[in-house]
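The primary structure of each chain is shown beneath.
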Amino acid sequence: MIFFIDSANLNEIRQVNDLGLISGVTTNPSLMSKEDVAGKNEILDHYQDICDIVSGDVSAEVISTQFDDIIKEGHQLSEIDKKIVVKVPMIEDGLKAIYYFAKNKIKTNCTLIFSPSQALLAAKAGATYVSPFIGRLDDWAKQENTGLAMLSDIKTIFDNYNYTTKILAASIRNSQQIVECGKIGVDVITAPFTSLMPLIKHPLTDLGLKKFLADYKKNNL
Ligand code: E4P
C-alpha cells in the first residue's frame, strides 16, 4: 500500500518522508495558497522543492479548464521534474486532456472524482491515477462510509476489467479511514499530516513503554 501526503508544506513533507511513511505528494490550489505560494515562477519552484524531497510521484494541479489551456499548462508542469503527475479535474475538457496526455506518455491524476462512473471514464481515457474524494462525499451525503462504499465499487470495476489506472483514495479525514482503504485494497492513499501521524500512536504502546522503562530503572539505578 503506497502512502502519499496531501500537503504543500515542506516541513510536513520532510517529516513524514524522513519516517519512511510516504513516497509521494498530492497538492491542490487550496493547499498551495495555504503556504502562500503565488505567482507562476514561485509555484513552479515550490513544486521543484517538493520533488527534491520525495522519491515518488508529485501531483501538480492545473488551474485551466479549457482543453488547449490544460494541455499547455500540463506540459509546463510536467517539464519541472520527472516526478510530476499532472492533476486534471473530472470535467469534459479534462477527460479529453487526460486522453491526450496518455497518448503523449505524460502521467495524470484525475481529481474531484465522486462516483464509480467518473472513475471508470477517467480509467478509459488513460489516467495514471483516479482520486475519489471520500471525506467530501461523506460530508455531502451526510452519511459516514459513503466514500468508502464508492471506493469499494471502483475497486471491483477496475479489477473486473484489469484497468491499470491506480486508485488513489483522497480527501481522507482520519487515520481509521486509511486502515479501511487498506482493507478495500486501494493502490494508494493520500492523507494530510494530521491523519498520517496518529497512525504511529496507541495508548497501550505508551503505557507498555513507561512500564518497561520503570522496571529497568528498578534494577539498574
Ligand atoms: C486530493 O488530491 C486532494 O488534494 C485532497 O485529498 C482534498 O482533500 P480535502 O477534501 O481534505 O480538501
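To start, this report covers the structure provided alongside it. (Residues numbered from 1 in each chain as written. Predicted model: local features only at pLDDT ≥ 70, side-chain atom pairs only at ≥ 80, totals over all residues. Heavy atoms only, no water.)

**What to know about the overall build of the protein**
When helices and strands are tallied, the protein shows 11 helices and 8 strands. Projected onto the principal axes, the alpha-carbon positions of the protein cover approximately 75 × 40 × 30 Å. With 221 residues in all, the protein has 46% of them scored as buried. Total accessible area on the protein is roughly 11,900 Å²; 53% of this is exposed by carbon and sulfur atoms. Positive and negative side-chain charges of the protein, numbering 23 and 27 respectively, have mean locations separated by a distance of 6 Å. (Helix = DSSP H or I, 4+ residues; strand = E, 2+ residues; numbered from the N terminus. Buried < 20%, exposed > 50% of the residue type's maximum accessible area, 1.4 Å probe, protein only. Areas by Shrake-Rupley, 256 points an atom, 1.4 Å probe, with all protein chains shown as cover. Lys, Arg positive; Asp, Glu negative; His and termini not counted. Charge placed at Lys NZ, Arg CZ, Asp CG, Glu CD.)

**Brief notes about the sheet that holds strand 3 (residues 58-61)**
What the 8 strands build is a closed barrel, ordered 1-2-3-4-5-6-7-8; its pairing is parallel. Ignoring which end each strand starts from, the neighbouring axes of this sheet average 30° apart. Pairing of strand 1 (residues 2-6) with strand 8 (residues 188-191), which is carried by 4 bridges, proceeds in the parallel orientation. Each bridged residue has a counterpart across the sheet, and for Ile5 the counterpart in strand 8 is Ala191. Sitting on the sheet, helix 5 (residues 92-103) touches strand 4 (84-89) and strand 5 (108-113), and the angle it makes with strand 4 is about 155°. (Pairing = 2+ DSSP bridges. Axes fitted to C-alpha atoms, helices over the stretch in contact; angles between N-to-C directions. Contact = heavy atoms within 4.5 Å.)

**Re a negative patch on the surface**
Taken together, the side chains of Asp36, Glu42, Asp45, Asp49 and Asp52 present a region of like negative charge at the surface. Using a relative accessible area of 65% as the deciding quantity, one classes Asp36 as exposed. (Patch = residues over 30% accessible without salt bridge, like charges linked within 9 Å, V, L, I, M, F, W, Y side chains within 5 Å. Salt bridge = Lys/Arg side-chain N within 4 Å of Asp/Glu carboxyl O.)

**Remarks on the site of the ligand**
Close contacts around the ligand come from Asp6, Thr26, Asn28, Lys87, Phe133, Arg136, Ala170, Ser171 and Arg173, and that covers them all. Here an oxygen atom of the ligand and a side-chain polar atom of Asp6 are 2.7 Å apart. For the ligand, whose unbound accessible area comes to 340 Å², protein coverage reaches 86%. By residue class, the composition of the shell around the ligand is 2 nonpolar, 3 polar and 4 charged. (Near = heavy atom within 4 Å. Polar contact = N/O pair within 3.5 Å; in protein donor to acceptor, adjacent residues only side chain to side chain. Nonpolar A, V, L, I, M, F, W, Y, C, P; charged D, E, K, R; others polar.)

**Section: the pattern of salt bridges**
Throughout the structure, instances matching the rule amount to 8 salt bridges. Here Asp206 ties to Lys201 by a salt bridge, and the two come within 3.4 Å at their closest N and O atoms. Take Lys201: its relative accessible area is 54%, and that puts it in the exposed class. For Lys211, the salt bridge is made with Asp215, and the minimal N-O distance between the two is 2.8 Å. Here Asp215 and Lys211 lie together in helix 11 (residues 203-220), a separation of 4 residues that amounts to about one turn. Given a relative accessible area of 51%, Lys211 falls into the exposed group. Looking at Asp215, the relative accessible area reads 29%, which means it is partly exposed.

**Thoughts on the nonpolar core**
Leu151, Cys181, Ile189 and Leu196 are the most contacted members of the largest nonpolar core, which totals 59 residues. The greatest single-element share of this core, amounting to 5 residues, is contributed by helix 8 (residues 146-161). The residues touching Cys181, leaving out its near neighbours within four places in the chain, are Met1, Ile134, Leu148, Leu151, Ala169, Ile172, Val186 and Ile189. Phe4, Val85, Leu168 and Val188 belong to the second-largest nonpolar core, a separate cluster that totals 5 residues. (Core = buried A, V, L, I, M, F, W, Y, C linked by side-chain atoms within 4.5 Å.)

**Brief notes about the pairing of strand 1**
Most of strand 1 sits out of view: 4 of its 5 residues are buried. Two elements, strand 1 and strand 2 (residues 24-26), share 3 bridges in a ladder whose sense is parallel. Paired with Asp6 across the bridge in strand 2 is Thr26. Note that the unit made of strand 1, helix 1 (residues 10-18) and strand 2 has a crossover that is right-handed. (Right-handed = clockwise from strand over helix to strand, strands pointing away.)

The values are spatial; any link to function lies outside them.
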